[in-house]
Amino acid sequence: MNHRTIRDALQEAQQQLAALPETEPRLEAEILLGFSLNKQRSYLYAWPDRSLEPRQLTRFLELVTRRIRGEPIAYITGHREFWSLDLKVTPDTLIPRPETELLIELALELIPSNSSFTLADLGTGSGAIAAAIAAERPTSRIVATDISPPALRAAKYNFKHLNLINIQTHEGAWCKALPQGHKFNLIISNPPYIPDSDPHLTQGDLPWEPRDALASGADGLNDIRHIIEQSPDHLATGGWLLLEHGYDQGSKVRRLFKAHGFRQVSTRQDLAGLDRVSKGQL
Ligand code: GLN
């Protein structure tokens, strides 16, 4: 009765998942079935006629139901790929976004290879930014901070699992978490920047993510203001501050940078052509 081949199970799930807005139902069905079977997606293509055991089918249907209720696929599987690294993510961490890879590209332009450059990733969450830079610049020394102990635990797990030994973690709010007396060459952050009343907070994956990692006051700039104010005390002369922000915050962020003594202030657009990252040099 309750017998399904891989092909049938995928097709049914795909139809059900099509009810969710802005998803790729086929891909998600494959990810969830692969996860239920503890196999790669390629296995599903190799064995479409194989029957699922009742236990496997039950597990798969439970996961599809969770997804249809809106739970992000990254929280269901506990993983998200970022900069080709497989990261553990939990409901205590933001789910790393593709647009944040722009922050990594700009950071790599500033960090020479084979140097003992020091940098801090403030509000590291899952550790995505610190991990990507550590993997690309193994001789740099990185401090990754977060105010949330469970987020920092997820980050530490990722650094260990990825064998990234050039990252230290510190708990605390923005620059207050940084070691006293050290002047960094670069401070980088993807802080929360969504205005508190923005309707996006109720859409897609966002209602499931930690609100403190997403929203930041009436104009979304509360945390960015703190970081720009605090950073000059922790940067070497010539050091850079590099921040991700909202698509409509570029000019305000550049003004804040200039008001706090930064030069060479500029903004770069993401793949969608939207203002996304600003930087300035002390
Ligand atoms: N730095 C982490 C990331 O980019 C977390 C960002 C956040 O929680 N705002 O994924």
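What comes next is a walk through the structure. Note that residues are indexed from 1 along each chain, following the sequence as it is written. The predicted origin of the model limits local features to residues at a pLDDT of at least 70 and limits the giving and counting of side-chain atom pairs to 80 or more, whereas totals for whole chains, interfaces and linings rest on all residues. Only heavy atoms go into the side-chain values, all of them from the structure, while hydrogens and water stay out.

Glancing now at the site of the ligand. Residues in contact with the ligand, as listed here, are Leu94, Pro96, Thr100, Gly123, Thr124, Gly125, Ile129, Asn190, Pro191, Pro192 and Ala213. Contact between the ligand and Asn190: a nitrogen atom at 2.9 Å from a main-chain N or O atom of the residue. Any pair of N or O atoms that falls within 3.5 Å is considered a polar contact. Within protein, one atom must be able to donate a hydrogen and the other to accept it, and sequence-neighbouring residues count only if both atoms are side-chain atoms. For the ligand, a nitrogen atom lies 2.9 Å from a polar atom in the backbone of Ala213. Here the ligand, which alone exposes 300 Å², has 96% of that area covered by the protein. Among the residues making up the shell around the ligand, the classes are represented as 6 nonpolar, 5 polar and no charged. Proximity criterion: a residue is near a molecule or strand once any of its heavy atoms comes within 4 Å of it. The accessible surface values rely on the Shrake-Rupley method and a 1.4 Å probe; as for residues, cover is taken only from the protein chains in view. Think of it as three bins: nonpolar holds Ala, Val, Leu, Ile, Met, Phe, Trp, Tyr, Cys and Pro, charged holds Asp, Glu, Lys and Arg, and polar takes everything else, Gly as well.

Further remarks concern helix 10 (residues 250-259). Here the term buried applies to any residue with accessible area under 20% of the maximum for its type, exposed to any over 50%, and partly exposed to those in between, with areas from a 1.4 Å probe on protein chains only. Each helix is a run of DSSP H or I of at least 4 residues and each strand a run of E of at least 2, with the numbering of both proceeding from the N terminus. Residues of helix 10 that are buried: Gly250, Val253, Leu256 and Phe257. Projected onto a plane normal to the axis of helix 10, the buried residues spread over an arc of 125 degrees and lie on a single side. Away from its buried face by more than 90 degrees, helix 10 exposes Arg255, Lys258 and Ala259. On its buried face, helix 10 sits against helix 9 (222-230), strand 7 (235-244), strand 8 (263-269) and strand 9 (275-281). Once helix 10 ends, the next one or two residues include Gly261, with phi positive near 90 degrees. Here the arc refers to the directions that run from the helix axis out to each C-beta atom. Only heavy atoms matter for contacts: two residues are in contact if any of them lie within 4.5 Å across the pair.

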